[in-house]
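Structure at a glance
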Amino acid sequence: MKNGWEREKILVFASREICYMSSNFFAHQIGAAFEELGFAAEICELSKGDDLDEKLEPYIGGKYRLILDFNSMLPRMETEDGVPYLDKLDGPFFDYILDHPLFHYNGLTSAARNLHAIVLDEAQEQYVKQYYPGAASVHMLPLGATKALYDGEKEPECRILFPGTYDSPDSVYELVKASPEPLAGVMKALIERRLGEPLLPMEKAFRQYLTEKGAELSAEQFALFMNSMYPVDAYVRDYFRKAALDELLTEKLPVTVIGEGWEKYKGTDEGSLRRERAVPFALSFERIAKAHILLNVSPIFNRGMHDRIPAGMANHTVVLTDENPWLAKRFADGEEIAFYSLENLSTLGERAGRLLGDRAMRERIAERAYRTYETEHTWKCRAEEILKMADEVRQN
């Protein structure tokens, strides 16, 4: 229809308010990319207090090339006649899941036939395929990134920027200890296992545990148990965020953290640490563009890529990230990116020190990364890939 007067329609929802209003931002970025490709993209943002029936009813029966949402609430919704809302939409619906799918048990066990999942990690893709057979299709695709409007000089002092949320690992561990047995014991065992093997996916750690105990669970029981063990993933995330920051500050390297919860961080030496207030997601790219080095710590995506990585690449900021097999296949260390190891955090201090002291290296890496971003990691690239997914599921 694109060669006619009426363009094909794409519907993008922002049904859930995620931290820093990121889902709304993603919806508008991908919507603009679809528009650039010649489609008519409509954005529907849902907010607390909305009459959901009134806002959602107009889309029923509308014909769309595809429908997209981020960490969607829609799979759990039904119309008055008890039919899943998604099955009333004419077009494949993709839920872009932005954290481990274990957090999305209720949505992924929806009775909707018109539910397709996009995840950020290859291991998580296999997890959904194995344990959530109700999903019509599952795909792995990292998020895109945005160039900041700011096009000025980097900040005067070369510092390491870490944008992200933080909670005290000890506080998260209280949730583990407060859980009933045998759940608490299983979570403690999984935490110990994952801290010792940071590249071990959560679901693989749980399967190893069950095998050692001689226990078996059905796919449905496994997924439900994983959902109940969400504090494990939260603990591992914050443990390594604290450990990475501890390492850098012990070496007295200059670090700036920005986001919610960093007032809870307590280090033995905070002399080179700066804390900045959280900003809406749209403004985070402006802050990244002024930074020299962007730190990424993402043990919960150890077969994929967190959006901090393309965000740094898009804004000529060197990305210093924990290495994983997916990243190592696609990026060369010291070329488009700089790697350190979560298994040996002394490598973080060493790599960070070298980057801070070598401007020519930083500029070379940042320029190569930017060229890679332009060809592979823009929102237009992501829109093209999602369109291919939609065409494939229609054919199948």
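Just above, that's the structure.
Below is a summary of the structure that appears in this document. If you're wondering where the values come from, they're calculated on a predicted model, not measured in any experiment. (Residues numbered from 1 in each chain as written. Predicted model: local features only at pLDDT ≥ 70, side-chain atom pairs only at ≥ 80, totals over all residues. Heavy atoms only, no water.)

1. A few points about the pairing of strand β8 (residues 255–258)
Regular strands show a simple pattern: their side chains alternate between the two faces of the sheet. Burial of the side chains of β8 extends over both faces: V255 and V257 are buried on one face and T256 and I258 on the other. Sheet analysis places β8 next to strand β9 (residues 273–276), joined by four bridges and oriented parallel. Across the sheet, V255 pairs through a bridge with L273, a residue of β9. (Buried < 20%, exposed > 50% of the residue type's maximum accessible area, 1.4 Å probe, protein only. Helix = DSSP H or I, 4+ residues; strand = E, 2+ residues; numbered from the N terminus. Pairing = 2+ DSSP bridges.)

2. What to know about the sheet that holds strand β3 (residues 66–70)
The strand order β2-β1-β3-β4-β5-β6 describes an open sheet built from six strands, whose pairing is parallel. If you trace the sheet from one side to the other, it starts and ends with β2 (40–45) and β6 (137–140), each paired once. The sheet shows a mean angle of 20° between the axes of neighbouring strands, taken without regard to direction. Pairing between strand β4 (residues 93–96) and strand β5 (residues 115–119): four bridges, direction parallel. Counterpart to D95 in the pairing with β5 is A117. On the sheet, helix α4 (residues 122–131) packs against β5 and β6 and is oriented at approximately 175° with respect to β6. (Axes fitted to C-alpha atoms, helices over the stretch in contact; angles between N-to-C directions. Contact = heavy atoms within 4.5 Å.)

3. Re the packing of aromatic side chains
Any two aromatic rings considered together are summarised by their centre-to-centre distance and by the angle between their planes. In the structure shown here, the tally under the stated rule is 24 aromatic pairs. Between the aromatic rings of F13 and Y59, the centroid separation amounts to 5.6 Å while the plane-to-plane angle is 80°, which identifies the pairing as edge-to-face. With a gap of 46 residues between them, F13 in strand β1 (residues 9–14) and Y59 in the loop between α2 (52–56) and β3 connect regions that are remote in the sequence. The exposure classification of F13 matches that of Y59, with both residues buried. Taking 5.8 Å as the distance between ring centres and 90° as the angle between the ring planes, the aromatic pair formed by F162 and W262 counts as edge-to-face. Of the two residues, F162 sits in strand β7 (residues 160–163) while W262 sits in the loop between β8 and β9, which places them 100 residues apart along the sequence. Looking at F162, the relative accessible area reads 2%, which means it is buried. Residue W262 is classed as buried on the basis of its relative accessible area of 3%. The structure contains a cluster of three or more aromatic residues connected by ring pairs, namely F25, F26, F70, Y96, F281, F285 and W379. Over the face of the ring belonging to Y150 we find K290, whose NZ or CZ atom lies 4.9 Å from the ring centre. (Phe/Tyr/Trp six-rings, centres within 6.5 Å; stacked < 30°, edge-to-face > 60°. Lys NZ or Arg CZ within 6 Å of the ring centre and 35° of its normal.)

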